[in-house]
Amino acid sequence: MNIIIVGCGKVGSTLAEQLDKEGHDITVIDIRPEAVRRVTDSADVMGIEGNGAVHSVLSEAGIQYADVFIAMTDSDELNLLACLIAKKSSTCHTIARVRNPDYVSENHFIKEKLGISMLVNPELEAANAMARLFSIPSAIEVDTFERGRIELLTTRLPSASPFVDCQIKDVLGRFSGKLLICAIERNNEVIIPDGNTFLRANDKISFICNRKESSNFFKKAKIECNSLRSVMIIGGGKISYYLAGKLCDYGFKIKIIEKDKERCEYLDSVFPGNVVVINGDGSDRKLLLEEDLYNTDGFAAITDFDEENVMLSFYINSNFNIKTVTKINKLDIEDMIDKLPIGSVVYPKNITAEMVISYIRALENSAGSNVQTLYNIVGGKAQALEFSVKTASKITDISLCDLNLKNNIIICCIVRNGKTIIPSGQDQLKIGDSVVVVTTNRNLGDLKDILS
Amino acid sequence: MNYRMIIYILGLILNILGGCLLLPATVGIFYNENEWKAYFLVAVLSIILGLILVIKKPRINVFYTKEGFVTVALSWIMLSVIGALPFVISGEIPSIVDAVFETASGFTTTGASILTNIEALSQASLFWRSFTHWIGGMGVLVFLLAIIPMSGGHNMQLMKAESPGPQVGKFVPKIRQTAFILYSIYVALTLMEFVLLIAGGMPWFDSITTALGTAGTGGFAIKNSSIAFYDSKYLQSVITIFMILFGVNFNVYYMVLLKKFKSAVKNEELLSYFLIISFSVVCITLNIKDVVYSGDTYEALHHSAFSVASVISTTGFVTTDFNTWPQLSRFILFVLMFIGASAGSTGGGMKVSRIILLVKSSLREIGSIIHPRSVSVVKLDKKRIDHATLKSVSAFFVVSIMIYVASVFLVSFDGYDMTTSLTAVAATMNNIGPGLGLVGPTGNFSIFSPFSKIVMIFDMLAGRLEMFPMLVLFSPTTWKGTGTVIKRRLKAIKRKIAG
């Protein structure tokens, strides 16, 4: 597809690189020549210098042939204006990054009246991801599919767990509820398991299960799963604002520590009583202890500095028994960060890019490919693909256990009439179902491709 | 440096070269000549060597400017040397330096020859000489990018290093499509010229080689008297027009294809290019009309247009011995040699757009002396040119002059007159072909010593690749650390053998 991206900042350039890898034709626009050069040097994209909200610049970028227009500059107003102009010059889909909470609250009005297809708010998405992590504290990662209806939880199996060195079929036998282990990450490699696969200590297992039963599973697996009551947030930026709001709704007690006095006053004015705002330096150990770190269940390091966040989480995680979540904006060394004992990590720029990309994949689907949506899971090492079963074929109306699937493929979820089914061997695929398949094979184009 | 990737790309280039060498072999078989064996042998060798190099696909395909420059420079040297082997093996050009000179002159689209009797060559070799022009005109790496899918944006480094002009851009987002469009336009224009030449009664073989030679703005003809052999005003005019057309930025043609005629016509470089051509033609016509053509304005116009087009597009075909023209005309041609064709064309020289930028930034400097606090921005086609580009344009100018002076110094050891030495280097460095004096249209480059020829081979390659790739290749800092890498590799191999 022809895609135009305005703004070559962190998110814009990540998007350009990712979409280029997926084979789209991309043109990037930025007013800073060096930003354009950086992107065109690393990805096979065309770069144009100029203001992305100017019609002549857009027509130079070929707006009339564009399928998708993405505005990712720092300024909300510029993004919206650029999308409007793009919308008026062609029939493309428009995606704008909008971060100001005032605009975000009018999300629907903007989408409907201005005709913008999608608004993304990196901070809000990051806050949502963090809130999910705090509400399921035993999970180190939570991926969601089907507009949040299905949750894929990732957790680390402790060496004391009774499930260590068990085969998966025995694990399921000991556990009454429905559960499907979709992926196991061991020594940086992802295995798509079957019933005979053994679980080992320190495996990162990803599974699908509904919320109630998941806590049951955590208990059985001897994975700590005390639900959290209080969360301490370091840094009072936009993510903290959204996160505190979310957690407030869930009934958490929240403490926000922020350096800037004025910002503190603002935060205090918008939140009710169960949010305590403290003016101070979050990297000050004494302050943290004074604010009762010992009796806090959750800790979020969301300052503007990645290094500070990492060090804080490192400290907390190694000295206290507290669920930590770390925000990383810029550091481009995910392999190494994964190895650090800093709990869960949230990358706002990746979340944003992933959202936009799955939107584009969905568009592409209507243009031919059978993949409805594609999500990268377990740190991009495996993919979850969503297909819809449109016609009867070799795979419909057959018990799943009779299907001869390729290696490294698992059908992890069926959605039928709005209900989620976690499949077992006796389930069958019917016409009209949506199916989520987890795989490490790339280039799966059609549901039939899962058969060997 | 990513040595694996460089070797891998060199392997691909060898495969392409092998494929190209099969063509003259076919021509040789067609004309029942013995030389086809030499071409076939080298083609097979080149393909085998190429396959050995590409067997192992590099794990890391990341590529930076440095690797891009080194790869391009190495590829071109390799092309010149391996492309020269058939001449040596078949015995048509026994001296290796001469053969490499001739091939480098072909690939770099120079068209300077060391042969005294071109017509004595086999048809296969004549075809190969013209075909090297065609390959070199648009570039081998651009061809590689067009046919082989390679992922990542790093390949842009290859295109940047090989394509002429201060700013190398893309037409469309994907580099492969951009390269494909470039080659399509190139092939279409070549075919057009071929058809028009055939229509004018030129023999088949001559039409093919002449079209190939014009397209690459090369200048190897298959007759001793070059284009003057075809005593037809029509044929010569067709060639004049196509020489000018191939010196135009291909971006303009793409604009025309997109039906953006306005922006195509308003292109500043295109206008300047035509302005320089018209001015030179008028001056030379007036200058030679009475002295050379005894008042025949049409004849004077015809030959001055041909010569101006030939020199500014850096082709180097000749219809008349412009060395015998008056001093003014000769000087104009000498200046045109340096100006060269447009950026993004198949021509050589400094490129019109660089000259425009140099003039504009010089004017800006003068302005800043008069108004020391004034701020002014250099623009081209109403677009601001950033400092990095301006800096590289000035650096390019300075480096060119330095290499020029140094080369003239080295060539002067042969003891020929000023005109000959000055224009011989100018004609090779700017990829034109014939110069003035002893290397004028009636002379050739066989008079120089092997050492001077090597200097000029360097100049041709440096000129075609716009100086920097060759300089980067020969600068010691590029190769820092290479010794340790090789030592480590050798140790590893030894260990393997031992245990």
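Structure: see above.
What counts and how
Residues numbered from 1 in each chain as written. Chains lettered and ligands numbered in written order. Predicted model: local features only at pLDDT ≥ 70, side-chain atom pairs only at ≥ 80, totals over all residues. Axes fitted to C-alpha atoms, helices over the stretch in contact; angles between N-to-C directions. Helix = DSSP H or I, 4+ residues; strand = E, 2+ residues; numbered from the N terminus. Parallel < 35°, antiparallel > 145°, perpendicular 65-115°, else oblique. Left-handed = near helix turned anticlockwise from the far one by under 90°. Nonpolar A, V, L, I, M, F, W, Y, C, P; charged D, E, K, R; others polar. Pairing = 2+ DSSP bridges. Buried ≥ 20, exposed ≤ 12 C-beta atoms within 10 Å, placed from the backbone. Right-handed = clockwise from strand over helix to strand, strands pointing away. Core = buried A, V, L, I, M, F, W, Y, C linked by C-beta atoms within 7 Å. Contact = placed C-beta atoms within 7 Å.

(A) Focus on the packing of helix H1 (residues 3–30) of chain B against helix H2 (residues 36–54) of chain B. Residue and element names in this part refer to chain B. Where H1 contacts H2, the axes come no closer than 7 Å and their chain directions differ by 160 degrees. One way to sum up the angle between H1 and H2 is to call them roughly antiparallel. As for how H1 packs across H2, the hand of that crossing is left-handed. Here the contact of H1 with H2 is composed, by residue class, of 21 nonpolar, six polar and no charged.

(B) Looking closely at the sheet that holds strand S18 (residues 371–377) of chain A. All names here are of chain A. Read across the open sheet, the five strands follow the order S18-S19-S22-S20-S21; overall the sheet is antiparallel. Looking at the sheet topology across the chains shown, the edges are occupied by S18 and strand S21 (419–421). Taken over all neighbouring pairs, the strand axes of this sheet differ in orientation by 20 degrees on average, direction set aside. Relative to strand S22 (residues 434–439), strand S20 (residues 409–416) runs antiparallel, the two sharing six bridges. Paired with Ile409 across the bridge in S22 is Thr439.

(C) Quick peek at the pairing of strand S16 (residues 323–327) of chain A. All names here are of chain A. With five of five residues buried, S16 lies mostly within the body of the structure. Neither face of S16 is open: one carries Lys323, Val325 and Lys327, the other Thr324 and Thr326, and all of them are buried. In the sheet, strand S15 (residues 298–301) pairs with S16 via four bridges, with the strands oriented parallel. Residue Ala301 lies in a different strand from S16, and its bridge partner there is Thr326. In terms of strand pairing, S16 meets strand S17 (residues 344–346) through three bridges, oriented parallel. Bridge pairing links Thr326 to Val345 in S17. The β-α-β motif built from S16, the intervening helix H14 (residues 334–339) and the parallel element S17 has right-handed crossover chirality.

(D) Up close: the nonpolar core. Counting 135 residues, the largest nonpolar core has Tyr39(B) and Ala73(B) as its most contacted members. Here the element with the most residues in this core is H1(B); it accounts for 11 residues. Each residue touching Ala73(B), except ones within four places of it in the same chain, is listed here: Leu465(B), Pro469(B), Met470(B), Val472(B) and Leu473(B). Counting 84 residues, the second-largest nonpolar core is a separate cluster that includes Leu152(A), Leu180(A), Ile181(A) and Leu385(A).

(E) Examining helix H6 (residues 140–147) of chain B more closely. Residues and elements named next belong to chain B. Burial of H6 is extensive: six of the eight residues sit out of reach of the surface. Where H6 is concerned, the buried positions are Val140, Leu141, Val142, Phe143, Leu144 and Leu145. The inward-facing, buried residues of H6 abut H1, helix H3 (65–90), helix H5 (123–138), helix H7 (156–162) and helix H8 (175–199).

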